[in-house]
Amino acid sequence: MSNAPSTRLSPADARHLLGRTGFMPSPAETASWVGLSRETAVDRLLGDALRSQAGKAPPSFVGEPIRPPLRAQADVEARKEVLRQLRADTVALAAWWLQQMRETPTPLAERMTLFWHNHFATSVQKVRQAQGMYLQHELLRRHALGSFRELLHGMARDPAMLVYLDGAANRAQAPNENFAREVMELFTLGEGQYTEQDIREAARAFSGWAVDRETWTARFRPRQHDGGEKTLLGRRGRFDAVDALDVMLDQPAAPRFIVGKLWREFVSPAPDAGAVDGIAQRLRSSGWRIDVALRELLLGAAFWAPANRAVLIKSPVELAVGTLRQFEIQLDSAVPLVGITARQGQMLFSPPNVKGWPGYTDWITSTTLLDRKRFTERLFRAVEQPRMEMMQGAAATLGVRFDAEQWLKPLGAWPDREPDAAARDKLVEAVLATAPVHPVPAGTVGLSYLRALGLDPAFQLK
Amino acid sequence: MDRRQLLSLGGLAFPALGWAQTAASAAGRVLVLVELKGGNDGLNTVVPYAHPAYAQLRPSLALKADELLRLDGALGLHPSLAPLVPLWEKRELAVLLGLGYPQPNLSHFRSIEIWDTASRATEYLDEGWVARAMSAGLRDAARFTAEGVAIGSASLGALSGANAVSLNNPEAFVNQARLVRPAQAQGNAALAHVLRVESGVLQAAEGLRGQGAVSMATEFPAHAFGQAVRATCQIVAGQKGKGGVPVFHLTHGSFDTHRAQLGTHANLLKQLAEGLAALKAGLVEAGAWERTLVVTYSEFGRRARQNQSGGTDHGTAAPHFVLGGAVRGGTVIGTMPDLDRLDGSQNLVHTADFRQLYATIARRWWGVNPEPVVRGQFDLLPFLDV
């Protein structure tokens, strides 16, 4: 099947695959995938992502001794300083990651890390330790396409998670249900797959973990663990945290839940139950290999179906990073992107709650849509009139550089000319996942043409 | 117990004469929904201080009776709510006790969905209850600038499905609306959603144009909730002679206090009360207080017994506030859930259904048939003088 001509990637297929599994590809990036078989392309994507490493050095603060916690500060001024530092560190960390996404040769690795950040949503607003957020990020990155089981077990004793969901406050003598509830509702099984009694029993199994704030390490304290027998999801035993997670993973609902979420991330908002079941079985029989599930998903008929193209909505991070990658726009610093994506509803390391960013149509409200359009407009205005904007300081805030001629030329277009019919088709295909809603007015020249496409409602889709 | 009724018997209550004559039509009325995100701890908001179980359930979280702002011999408000006391004394604030629903769901996300859609615990609905009120006749009452405005939050909640917009700052919203062009709805669900939002932006921006001219003397708190209140007041003030906005959605919190609740909760309630007091001042200045109803809600209350992290886990029923110039205030309406009779999760058992609140708003505030709004028949609650 893989060598049948129909499965060789057309330019539209290549753009679809790269747009969905990474950020938006540039025409040059797309071109290098055209003609590959689907299997070759997907295997190359997965192989590259599995081998990838963060190319950019993280901000230096992550290697410094763990910062003392807020509550160790003597007075109000010291506390203010710690909070100021925390904000600065968080912005530096988010900018580092965004820059990494902008420049990486393996966008899928970044997308999967982002996917897990959203799945195991943890906010620095409660954790209050940017170094801890980086350590959690490393854990997500390490397992992003590896074993979900290892990732889950790692998360359950990740200090940032223990703080965020109050696992560090859960002792045999002082049960706290927060983590126990969310791990079943949001991380493994989905709502309705467990009872309130299961939550109480799981909380007992998870008791005894604490975070040493001086070293930012998780510690198990046996005397604070409830070693008694528990009944969890129909099983009985003296479960500890590891057992409890494995009991959850043994539920048939667990692989289905994870695959359903992958489906909504990469394929469409409406998972096909039959196809999900098949992939879920492979996920489980492979020992919870995420790359195996992803391969099945990306080679499935649904991923390539015309009806499932352009049915998803770009997240703010995908919009910002994707626009820069798509137009091969260079930027001096990704710091402005931190504020831009935050205003559009996605501040990295600070998801709104444990359920993460709801995504899909929730990305688009009147507030965020106007912010998204404002970003596109400013970006194109900045590259259209670099000198003038420079003087006004608008481009200076983004520090963007765009070689318009070189980008347009392969598509048969020029910065100062109205594109002809053939070039128009190529421009639309390069910029939008589907036909534009508004026809671009006659007489629109090169760069203004791109701006018009960037402001078209279809630009929000992927 | 309806304290107002008791007072009436004593001849102490004065009917709100004159209100009926000056009342705006249903279409001119404003509803402000204030969502206490994360699950507000009702027992430490409206405190049953006289009940012996209260202090037993909350060894370190129980508020002392002498710190409370006493409403009557059984209940008192959290001391941080002091800015609300003048409203209580003016009888513009009522407390609804024990709001919840059968088979309570303790997931934040599912439970707020139940409140937003006014569904049963077992049914999944797409549209918010406000959208259903629009379809039930409210939409025909006026050509609204927008059927709802959510301020400072991404989600539309109860406004979902109505022709509603979200914004942070009305002036910036109008300014940025130039980036949108009119288009017919088309395409797949994602594209149709984008186009629907764009169409809402265009309509709302038309009605909100000129809002920049509205300057208010009222001082608003600097915190996020205070600033959302400011935007609300500005929009209401600027809507004279225009279509108006019948519903606002504001959020405050997070009230998800699993640990070290005492300080966090006190601070959140203080901001809430400051914001609500400023809301009244701003709407009085805008000449709209008499036609405004403010309602708080939350996905659930919190566990009756504190946990041992100095916090509370997810709970069920909780009291809520209704305030406004047309509220029959200074009263406690309904029954406090029995602290001695908790449910299987050691949670309070609700004594009033939240859909009674919505049904009352539908019938009495908007004059529409509440049945399609709350999908059933629910007894009304006596908190409105309209």
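Below you will find a few notes about this structure. What you are looking at is a predicted structure, and each value in this text was computed from that prediction instead of being measured.

1. Section: the environment of Arg236(A)
Residues and elements named next belong to chain A. Relative to the helices and strands, Arg236 is located in strand β4 (residues 235-237). Spatially, the C-alpha atoms of Arg236 and Asn178 are 22 Å apart, while their sequence positions differ by 58 residues. Discounting residues that sit within four places of it in the chain, Arg236 has contacts with Glu229, Lys230 and Thr231. A polar contact is formed between the side chain of Arg236 and the side chain of Glu229, at a distance of 2.5 Å. At 2.4 Å, the side chain of Arg236 and the side chain of Thr231 are in polar contact.

2. Some remarks on the packing of helix α1 (residues 11-21) of chain A against helix α5 (residues 107-119) of chain A
Residue and element names in this part refer to chain A. Put simply, α1 and α5 touch, their axes get as near as 8 Å, and they point 40° apart. Between α1 and α5, the angle falls in the class oblique. Of the residues in α5, those in contact with Gly19, Arg20 and Thr21 of α1 are Pro107, Leu108 and Arg111. Here the contact of α1 with α5 is composed, by residue class, of two nonpolar, two polar and two charged.

3. What about the side chain of Asp13(A)?
You can see Asp13(A) is positioned in helix α1. Since its relative accessible area comes to 10%, Asp13(A) is described here as buried.

4. Some remarks on the environment of Ser37(A)
All names here are of chain A. Take Ser37: it is sitting in the loop between α2 (27-31) and α3 (38-51). Exposure remark for Ser37: the relative accessible area of 3% places this residue in the buried category. When the C-alpha positions of Ser37 and Arg417 are compared, they lie 37 Å apart, and in sequence the two are 380 residues distant. Among the polar contacts made by the side chain of Ser37, one reaches the side chain of Thr40 at a distance of 2.7 Å.

Basis of the calculations
- Residues numbered from 1 in each chain as written.
- Chains lettered and ligands numbered in written order.
- Predicted model: local features only at pLDDT ≥ 70, side-chain atom pairs only at ≥ 80, totals over all residues.
- Heavy atoms only, no water.
- Helix = DSSP H or I, 4+ residues; strand = E, 2+ residues; numbered from the N terminus.
- Contact = heavy atoms within 4.5 Å.
- Polar contact = N/O pair within 3.5 Å; in protein donor to acceptor, adjacent residues only side chain to side chain.
- Axes fitted to C-alpha atoms, helices over the stretch in contact; angles between N-to-C directions.
- Parallel < 35°, antiparallel > 145°, perpendicular 65-115°, else oblique.
- Nonpolar A, V, L, I, M, F, W, Y, C, P; charged D, E, K, R; others polar.
- Buried < 20%, exposed > 50% of the residue type's maximum accessible area, 1.4 Å probe, protein only.

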